[in-house]
Amino acid sequence: MVTRYDTIILGAGAAGLMCAARAGQRALRVLVLERAEAPGKKILISGGGRCNFTNIGAGPGNYLSANPHFAKSALARYTPRDFLELVERYGIAWHEKTLGQLFCDGSAKQIVAMLLEECAGGEVELRCGEEIASVEHDDGFTVTTQNGAFTAPKLVIATGGPSIPKMGATAFAYDLGRQFGLKVVEPRPALVPLTLGGEEVLFRDISGVSAPVVATANGAGFAEAALFTHRGLSGPAILQASSYWRSGEPLFVDFVPERGPEWLLDAKHNHPRTGVRTLLREALPARLADILADRLGLDGDLGNLPDKALRSACERLRRWEFRPNGTEGFAKAEVTAGGISTAELSSKTMEAKKIPGLFAIGEAVDVTGWLGGYNFQWAWASGVAAGEAL
Ligand code: FDA
């Protein structure tokens, strides 16, 4: 027996639940099919369990995509303030942590409960533990799982990206997109720690040390903390830059963003009896200062060191070149960059241009946000865009 709906949504994550709620409240009969035993798993672990549910400053410039204009329409029509209003309507206490990042005071569970309540406000049926065996398309879409066949004239792909596979994340969205002839922009791990090899393994000795830096990859720079790890580099500045970094390219780190461009020369003038190592220790954690001083190889008092050598040390410290040999992969990536090509979709509705009735939203699409609530904002905004167009 085939059960009929107005819309079937695959995936009960952030985007799928938001889309279901919108469509359901428009009196559509919506079925959400989720592979996991419970909805919203990534929401529950996000933001250290407090869910960084949006960023108050989110705008198109905070996203990576082959088409940087694609996200504009959806983001403009469903803003961080709109989501915040929903959060407040449910009496969920929140706070701004830093850089516009909004978190629950209590628990991410409140966000999942809110989305489920919103779904319950419409005709939404959520089925978890469903293994999708096939998706067929003739007049409408027929989805077959171990529990039967479901059909609808509209189908929404909201199964996210493959980052953190141990949580059940899959590349299903891309397989399905390809099945329908949609192009997929090569997926790659983003917001991910970078690994160091060769001579740079030396930095592994200071695993656990962190410092405020500006990390730059491919021209995109982020002023936040960097953290040295037993495999290489992490911390918010590195995670942000990692989304822009491409294999084989350098990553530049400014270790002294607060110091002037010629601070070692100024120091030579004012404190000629001081050494480079001592000055670095004033600016940075001691173990990091020592490793940088060793690699600069400038021993002795500043007064005895040539200006040229000090000028070049300043330049190096402001643009320290790392050559990461890779990333920690999808296993550690907070998100996946790439995905179903935006060229295939309407930026207003998220509907596939060549397959009317098929939609793709959230992380499945080639739109990837910075760290700090931007990815959820895209999930909400794209979910609403589709939910209102279904
Ligand atoms: P999402 O991954 O949320 O949902 C996809 C759903 O589809 C899942 O429920 C999955 O089980 C289901 N599914 C997969 N394959 C399926 C199949 N074959 N059949 C049926 N269902 C299937 N972002 C942010 O803005 N602020 C934050 O604080 C964080 N924190 C954070 C922490 C960690 C550890 C991670 C891994 C990620 C974050 N993120 C984040 C990113 C954010 O979680 C992510 O971008 C959104 O959840 C994407 O929403 P989607 O709905 O697109 O996918």
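Treat the numbers as computed from the prediction; the structure is a model and nothing was measured.

1. Topic: the site of the ligand
So, step 1. Not every one of the 38 residues close to the ligand is listed here, only the nearest: G11, G13, S46, G160 and G362.
So, step 2. Listed by contribution, the elements that provide at least two residues to the shell around the ligand are α1 (14–25), α2 (41–45) and α12 (374–389).
So, step 3. The element best represented in the shell around the ligand is α12, accounting for four residues.
So, step 4. The class makeup of the residues in the shell around the ligand is 18 nonpolar, 14 polar and six charged.

2. A word on the UniProt feature "domain: RsdA/BaiN/AoA(So)-like insert" (unreviewed entry) in the protein
So, step 1. UniProt marks residues 188–335 with the feature "domain: RsdA/BaiN/AoA(So)-like insert" (unreviewed entry), using the numbering shown here.
So, step 2. For residues 188–335, helix accounts for 31% and strand for 24%, while the C-alpha atoms at its two ends are 9 Å apart.

3. Notes on the environment of L280
So, step 1. On the secondary structure map, L280 appears in helix α9 (residues 276–283).
So, step 2. Judged by the 24 C-beta atoms lying within 10 Å of it, L280 falls in the buried class.

4. A short note on helix α11 (residues 307–318)
So, step 1. Taking 1.5 Å of rise per residue, 12 residues should cover 16 Å, and α11 covers 17 Å from first to last C-alpha, within 8% of that figure.
So, step 2. Residues L310, A313 and L317 constitute the buried set of α11. Down the axis of α11, the buried set is contained in an arc of 60 degrees. They therefore lie on one face. For α11, the exposed residues set more than 90 degrees away from the buried face come down to D307, K308 and E315.

5. Structural notes on the sheet that holds strand β4 (residues 52–55)
So, step 1. With antiparallel pairing, the three strands of this open sheet are ordered in space as β4-β7-β6. Each edge of the open sheet carries a strand with a single partner, namely β4 and β6 (94–96). Looking at each pair of strands side by side, their axes are set apart by 25 degrees on average, direction ignored.
So, step 2. Contacts between helix α4 (residues 80–89) and the sheet are confined to β4, β6 and β7 (101–104), with β4 contributing the most and set at about 140 degrees to the helix.

6. Observations concerning the UniProt feature "domain: RsdA/BaiN/AoA(So)-like Rossmann fold-like" (unreviewed entry) in the protein
So, step 1. As annotated by UniProt and renumbered to match this structure, "domain: RsdA/BaiN/AoA(So)-like Rossmann fold-like" (unreviewed entry) occupies residues 6–388.
So, step 2. Annotated as residues 6–388, this span is 30% helix and 25% strand, and its ends, taken at the C-alpha atoms, are 13 Å apart.

Criteria and cut-off values
- Residues numbered from 1 in each chain as written.
- Predicted model: local features only at pLDDT ≥ 70, side-chain atom pairs only at ≥ 80, totals over all residues.
- Near = placed C-beta within 6 Å.
- Helix = DSSP H or I, 4+ residues; strand = E, 2+ residues; numbered from the N terminus.
- Nonpolar A, V, L, I, M, F, W, Y, C, P; charged D, E, K, R; others polar.
- UniProt positions renumbered as here; feature names shortened; annotations may be inferred.
- Buried ≥ 20, exposed ≤ 12 C-beta atoms within 10 Å, placed from the backbone.
- Expected span 1.5 Å × (residues − 1).
- Arc of directions from axis to C-beta.
- Pairing = 2+ DSSP bridges.
- Axes fitted to C-alpha atoms, helices over the stretch in contact; angles between N-to-C directions.
- Contact = placed C-beta atoms within 7 Å.

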